[in-house]
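These are the residues of each chain, in order.
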Amino acid sequence: MSMIHSTDPDFRVCQISFDALLEIQQEAEGRGWATRWTSVDALRSQVKDEAVVLQSMMREERGGAVRAYRCLLLFSTVDGGDAGGVATIDIDPARFESLERVDRDPDVRKVLVRMFSLALGGISMISKE
């Protein structure tokens, strides 16, 4: 797997529906990919039924062609109130290409990359001193 940088042509940030996430999960299950939830029920138990933000992170290449994109997902958790979660999932290249981008503007792209970076590192509410 090779990393995808924000300057790469296959870097993208997308907002997808919960139903689209379920379809991606089912495709990953059908292909036997390891980077997914164990089942649709497991996904439903953790991810709130609302839009999810996705960012491409890595690409898996075989024989010179991309086999899958590993993407970060930022989502609201079922039992977390206003809390969110971050997880990864592998996506088929054809589906990946069909996703609508929200990062076409370079300045917006930089902000979204920073938001995902903060989310991966962990975000906590703090009291100001």
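Cut-offs used in this document
- Residues numbered from 1 in each chain as written.
- Predicted model: local features only at pLDDT ≥ 70, side-chain atom pairs only at ≥ 80, totals over all residues.
- Heavy atoms only, no water.
- Helix = DSSP H or I, 4+ residues; strand = E, 2+ residues; numbered from the N terminus.
- Expected span 1.5 Å × (residues − 1).
- Buried < 20%, exposed > 50% of the residue type's maximum accessible area, 1.4 Å probe, protein only.
- Polar contact = N/O pair within 3.5 Å; in protein donor to acceptor, adjacent residues only side chain to side chain.
- Contact = heavy atoms within 4.5 Å.
- Phe/Tyr/Trp six-rings, centres within 6.5 Å; stacked < 30°, edge-to-face > 60°.
- Lys NZ or Arg CZ within 6 Å of the ring centre and 35° of its normal.

**Q** How should I be thinking about helix α1 (residues 18–31) in this particular structure?
**A** Within an α-helix, residues lying three or four positions from one another point in the same direction, as the helix has 3.6 residues per turn. Compared with an ideal rise of 1.5 Å per residue, which puts 14 residues at 20 Å, α1 spans 20 Å between its outermost C-alpha atoms and is within 8% of the ideal. Two residues or fewer after α1 comes G32, characterised by a positive phi angle close to 75°.

**Q** Would you explain the side chain of S56 in this entry?
**A** With respect to the secondary-structure elements, S56 resides in strand β3 (residues 52–62). Classification of S56 by relative accessible area gives buried; the value is 0%. Reaching out from S56, the side chain makes a polar contact with the backbone oxygen of D10 at a distance of 3.1 Å. In contact with S56, other than residues within four places in its own chain, are I4, D10, F11, R12, R70, C71 and F96.

**Q** Just to check I follow, could you spell out the packing of aromatic side chains for this structure?
**A** Given two aromatic rings, one states the distance between the centres and the angle between the planes to describe the pair. The tally for this structure, following the rule as stated, stands at two aromatic pairs. Judged by centre distance (6.0 Å) and plane angle (65°), the ring pair of W37 and F75 falls under edge-to-face. A residue pair is termed long-range when its members are at least 10 positions apart, and W37 in the loop between α1 and α2 (40–46) and F75 in strand β4 (residues 65–76) qualify at 38 residues. Look at F75 and you get buried, because its relative accessible area is 8%. On the basis of an interplanar angle of 20° and a centroid distance of 3.9 Å, the ring pair of Y69 and F96 is categorised as stacked. Highlighted residues: Y69 in strand β4 and F96 in helix α3 (residues 93–98), separated in sequence by 27 residues. Comparing Y69 with F96 shows no difference in burial state: the two are buried. When the ring centre of F96 is taken as reference, the NZ or CZ atom of R12 above it lies at 4.9 Å.

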